[in-house]
Amino acid sequence: MSRRMRIAALSIATIAVLVLALGAQVSFAEKKDKTHTAEQILDRFVEATGGIKAYEKLQNRVVKGALEIPAAGITLEVAAYSARPNKFYSKAESPAIGSFERGTDGTIYWENSTMQGARLLEGAELADALRDAKFEGMAYWRTLYDTVTFAGVDTVAGSPADKVVLKAKEGKPRTYFFDQKSGLLVKSVAVVQSQMGDIAVESFPSDYRKMGDMLMSYKTSMKIMGQERTMTIVSVEYNAAIPDSVFAIPAAVKEILPK
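These remarks concern the structure in this document. These figures come from a predicted structure and were not determined experimentally.

Cut-offs and rules
- Residues numbered from 1 in each chain as written.
- Predicted model: local features only at pLDDT ≥ 70, side-chain atom pairs only at ≥ 80, totals over all residues.
- Heavy atoms only, no water.
- Helix = DSSP H or I, 4+ residues; strand = E, 2+ residues; numbered from the N terminus.
- Buried < 20%, exposed > 50% of the residue type's maximum accessible area, 1.4 Å probe, protein only.
- Contact = heavy atoms within 4.5 Å.
- Areas by Shrake-Rupley, 256 points an atom, 1.4 Å probe, with all protein chains shown as cover.
- Pairing = 2+ DSSP bridges.
- 1 Å grid on protein atoms, 1.4 Å probe; cavity = no way out; pocket = protein on both sides within 12 Å on 5 of 7 lines; lining within 4 Å.
- Points joined across faces, edges and corners; volume = space filled by probe spheres on them.
- Nonpolar A, V, L, I, M, F, W, Y, C, P; charged D, E, K, R; others polar.
- Core = buried A, V, L, I, M, F, W, Y, C linked by side-chain atoms within 4.5 Å.
- Polar contact = N/O pair within 3.5 Å; in protein donor to acceptor, adjacent residues only side chain to side chain.
- Phe/Tyr/Trp six-rings, centres within 6.5 Å; stacked < 30°, edge-to-face > 60°.
- Lys NZ or Arg CZ within 6 Å of the ring centre and 35° of its normal.

1. Quick notes on the overall build of the chain
When helices and strands are counted, the chain shows six helices and 14 strands. Per-residue burial over the chain gives 52% buried out of 259 residues. Pairs at least 24 residues apart make up 51% of the contacts formed inside the chain by residues separated by at least 6 positions. Carbon and sulfur atoms make up 51% of the accessible area of the chain, which amounts to about 11800 Å² in all.

Encoded structure:
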């Protein structure tokens with residue numbers, strides 16, 4: 001695989017990780033009690049963001065930003081659209097390596113890139129992607145994961161963080177780290193399945209800013225196969241006027257759909 005092809009494949013894997021990273025939000029509410037079960041930690045996170053009723057007021061989200069790959073000297077412009085219940089579309093593009101699209105209408109999950117063409121996700125990779133496409137999925141964690149386990153306390157950026165492992169019937173387990181003081185998601189560890197095989201990814205959300213009653217991470221640093229990636233958010237809009245065409249299956253993907 002050429003260097004450009006390798007960068008392209010890794011960039012697609014990075015965009016897959018951003019589906020989770022772009023949805024990390026919490027409010028200014030802060031609780032002093034320390035929780036020690038996975039359910040309490042996750043429920044605290046949901047309640048800190050305003051609770052289920054607050055989430056249900058949100059119908060969609062549009063996020064725009066930039067993805068930097070320092071080792072390759074490349075910056076991609078990124079736009080991601082998500083809508084209830086489980087629609088998603090993202091596009092990342094750079095003059096150096098073209099464009100990378102990824103999306104789902106809620107059933108079919110596809111990718112399409114300048115370098116590698118169109119493909120459909122299948123098996124465990126499809127299960128992971130559809131689960132990540134659940135709109136504001138962290139608020140509905142009970143419907144997405146079969147088991148959640150408290151795995152102790154670790155240190156992230158010099159502060160204690162509660163470690164929670166979430167497992168679904170299909171796909172790899174995810175590990176989330178929630179800062180004990182604020183309840184913020186400060187780190188996640190996942191294995192992303194891709195055309196290059198399993199790719200271990202560490203993500204570090206930071207730079208939380210107020211969005212209405214919530215906070216959203218405007219910066220996520222990632223470590224992927226020894227390389228650094230940084231996603232910086234430029235703008236966020238909730239309950240936007242998103243045309244249905246945004247989530248439509250593109251012609252290149254329709255050509256490879258089973259007859």
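2. Focus: the pairing of strand β9 (residues 159-167)
Alignment of strand β8 (residues 147-156) against β9, held across eight bridges, turns out to be antiparallel. Its bridge partner lying in β9, T155 is registered against P160. Following β8, the chain reverses through two residues before pairing antiparallel with β9; A157 in that reversal takes a positive phi of roughly 55 degrees. Sheet topology places β9 next to strand β10 (residues 174-179); six bridges connect them, and they run antiparallel. Looking across to β10, one finds that D162 is bridged to F178.

3. Focus: the layout of surface pockets
One way to see where empty space is left: roll a probe the size of a water molecule over the atoms. The volume enclosed by the largest pocket comes to roughly 150 Å³. Split by residue class, the lining of the largest pocket holds five nonpolar, four polar and two charged.

4. Comments concerning the nonpolar core
Of all hydrophobic cores here, the largest spans 49 residues; its most connected members are L42, L76, Y145, V148, V164 and F178. Counting residues per element, this core draws most heavily on strand β13 (residues 214-224), which supplies six residues. Look past the residues within four positions of F178 in its chain and what remains in contact with it is I41, L42, F45, M138, P160, A161, D162, V164, G183, L184, L185 and V186. Counting residues in each nonpolar core, the second largest holds 12 residues, with Y81, A83, A240 and V246 among its members.

5. Points about the environment of A129
With respect to the secondary-structure elements, A129 resides in helix α4 (residues 123-132). On the basis of relative accessibility, which here comes to 4%, the residue A129 falls in the buried class. For A129 and G103, which are 26 residues apart along the polypeptide, the C-alpha to C-alpha distance reads 9.1 Å. The contact partners of A129, leaving out residues within four places of it in the chain, are R102, Y109 and L121.

6. Side note on the side chain of R119
Here R119 lies in strand β7 (residues 117-120). A distance of 2.6 Å separates the side chain of R119 from the side chain of E125, its partner in a polar contact. When near neighbours in sequence (up to four residues on either side) are disregarded, R119 contacts Y109, W110, E111, E125, S194, Q195 and I256.

7. Quick word on the packing of aromatic side chains
Here a ring pair, both rings aromatic, is described through the centre-centre distance and the interplanar angle of the planes. Inspection of the entire model under this criterion finds four aromatic pairs. Ring plane angle 40 degrees and centroid distance 6.1 Å describe the contact between Y89 and W110, whose orientation is recorded as tilted. Of this pair, Y89 sits in strand β4 (residues 87-94) while W110 sits in strand β6 (residues 109-113), placing them 21 residues apart in sequence. Aromatic rings pair up to connect F45, Y176 and F178 into one cluster. The ring of F177 carries K187 above its face, with NZ or CZ at 4.8 Å from the centroid.

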